[in-house]
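Chain residues, written in single-letter form:
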Amino acid sequence: MLLWSMLAFLSVQLSRVPPFLLIGLALLIGTLCGVRRISQWRVPVRVLLLGIYGLFGYHFCLFMALRLAPPVEANLINYLWPLLIVILSPVFLAGYSLKPRHIAAALLGLAGAALIVTGGRLSFDSRYMPGYLLAALAAFIWSSYSLMTKRIKSFPNAAIGLFCLCSGLLSLLMHFLLEKRYVFAMKDFPLLALLGLGPMGAAFFLWNAALRNGDPRVIGSIAYLTPMLSTLVLIASGSGRFTLQSGVAIVLIVGGSVVGSLNMDTRLPRTAGRIQ
C-alpha cells in the first residue's frame, strides 16, 4: 500500500508522458525486481496468461476508461476492486466465507475512497457508458487476478517479473498503435525509475506475497488505505490540499481497515482451493 500510495504523485509528475508509454516503460523497469531469480521465470503457460491478464488487462482497461469517461467517475468505479476482492473471496476460494465485519469494512472503505476520489461531487452521464464499463472491467480484472494468484498452484514470486516484462511489451505496443510519439526530458528519468521500481515493480511482488500468505477478505479491506495514503502524499508534496472531505474519508477508511482486521471469529481456512 505504501508503494502504491506514491503512484498518483509520480503519475502527476509524469503526466505529460503518454499513458501507455509510461505504463510500458515502468513495467519493464519493474521487471528488474525479479531478474535476480530469472531461472524461476519458467512457469506454465496458463500462469503466464494469468499474469498478463492481471497486469496488462487491468492497466489497458483502466487507461482506456480514463480516455472514454471523466477521470473522477472512472477512477471511483475502478476503486471497486478492494470491495470485489472481499465479496468474491468465497466464489474463487474454497473455505472462505463472508462475515458481517468483512462486508462492513469493505463498504466503509468504499465510502471513504468515494469521498477522496470525487470530493463529494459525482455525476454519471450515459454518454460515457463505454468508459464506465471499462472501469468496472478493470476492477473485476484486478480483483479476480488477485484471488486467482492465491487459488492457483504455487508459482515462484519471482515470476511476477515475467508478468511485468510481457505486460510492459504489450503496453508499448498499445503506445505505438494509439499514442503520439514522445521525447523524454532528462528530469523524467529519475521519476520513471522510481515509478518502475516502486509502484509498478516491487509493489506487485509484495502484493502477490501478501495474498499468498494472508486472508484476502482482510487484505481487501486494508487495500482502501491506498487512495487515502495517496491523497496524503499529494498533500505533503504540495500537489493537493487537506479538506473536510479528506478528514471524513480518512476516518471511514481507517475505521474500515480496523473493522476488517479484527480477528473476532475463527482461524484462517486450511485450504484455499488450489487448482491442481
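Preceding this section is the structure that the text describes.
Residues numbered from 1 in each chain as written. Predicted model: local features only at pLDDT ≥ 70, side-chain atom pairs only at ≥ 80, totals over all residues. Heavy atoms only, no water.

## A few points about the side chain of Asn78
Locating Asn78 in the fold gives a position in helix α4 (residues 71-78). In this view, Asn78 contacts Tyr58, Leu62, Ala135, Ala138 and Ala139; residues no more than four positions away in its chain are not counted. (Helix = DSSP H or I, 4+ residues; strand = E, 2+ residues; numbered from the N terminus. Contact = heavy atoms within 4.5 Å.)

## Thoughts on the nonpolar core
Nonpolar side chains tend toward joint burial in soluble globular proteins. Of all hydrophobic cores here, the largest spans 67 residues; its most connected members are Leu55, Trp81, Trp142, Phe155, Ile160, Phe204 and Trp207. The leading source of residues in this core is helix α3 (residues 45-68), at 11 residues. If you look at the next biggest cluster of nonpolar residues, it comprises 10 residues, including Ala106, Tyr224, Leu225 and Leu229. (Core = buried A, V, L, I, M, F, W, Y, C linked by side-chain atoms within 4.5 Å. Buried < 20%, exposed > 50% of the residue type's maximum accessible area, 1.4 Å probe, protein only.)

## What about the packing of helix α8 (residues 160-178) against helix α9 (residues 188-213)?
Running from N to C, α8 and α9 point in directions that differ by 135°, and their axes come no closer than 10 Å. In terms of their interaxial angle, α8 and α9 are classed as oblique. The way α8 lies across α9 gives a crossing that is right-handed. From α8, Ile160, Gly161 and Cys164 reach across to α9, where they touch Met200, Phe204, Phe205 and Asn208. Within the contact of α8 with α9, the residues separate by chemical class into 5 nonpolar, 2 polar and no charged. (Axes fitted to C-alpha atoms, helices over the stretch in contact; angles between N-to-C directions. Parallel < 35°, antiparallel > 145°, perpendicular 65-115°, else oblique. Left-handed = near helix turned anticlockwise from the far one by under 90°. Nonpolar A, V, L, I, M, F, W, Y, C, P; charged D, E, K, R; others polar.)

## With respect to the packing of α3 against α8
Angle between the axes and distance between the axes are the two parameters that describe a pair of packed helices. Running from N to C, α3 and α8 cross one another at 35°; their axes reach a closest spacing of 8 Å. Pair α3 / α8 crosses with right-handed handedness. Side by side, α3 and α8 meet where Val47, Leu48, Gly51, Ile52, Leu55, Phe56, Phe60, Met64 and Arg67 of the first sit next to Leu162, Phe163, Cys164, Cys166, Ser167, Leu170, Ser171, Met174 and Leu178 of the second. The class makeup of the residues in the contact of α3 with α8 is 14 nonpolar, 3 polar and 1 charged.

By themselves these figures say nothing about function.
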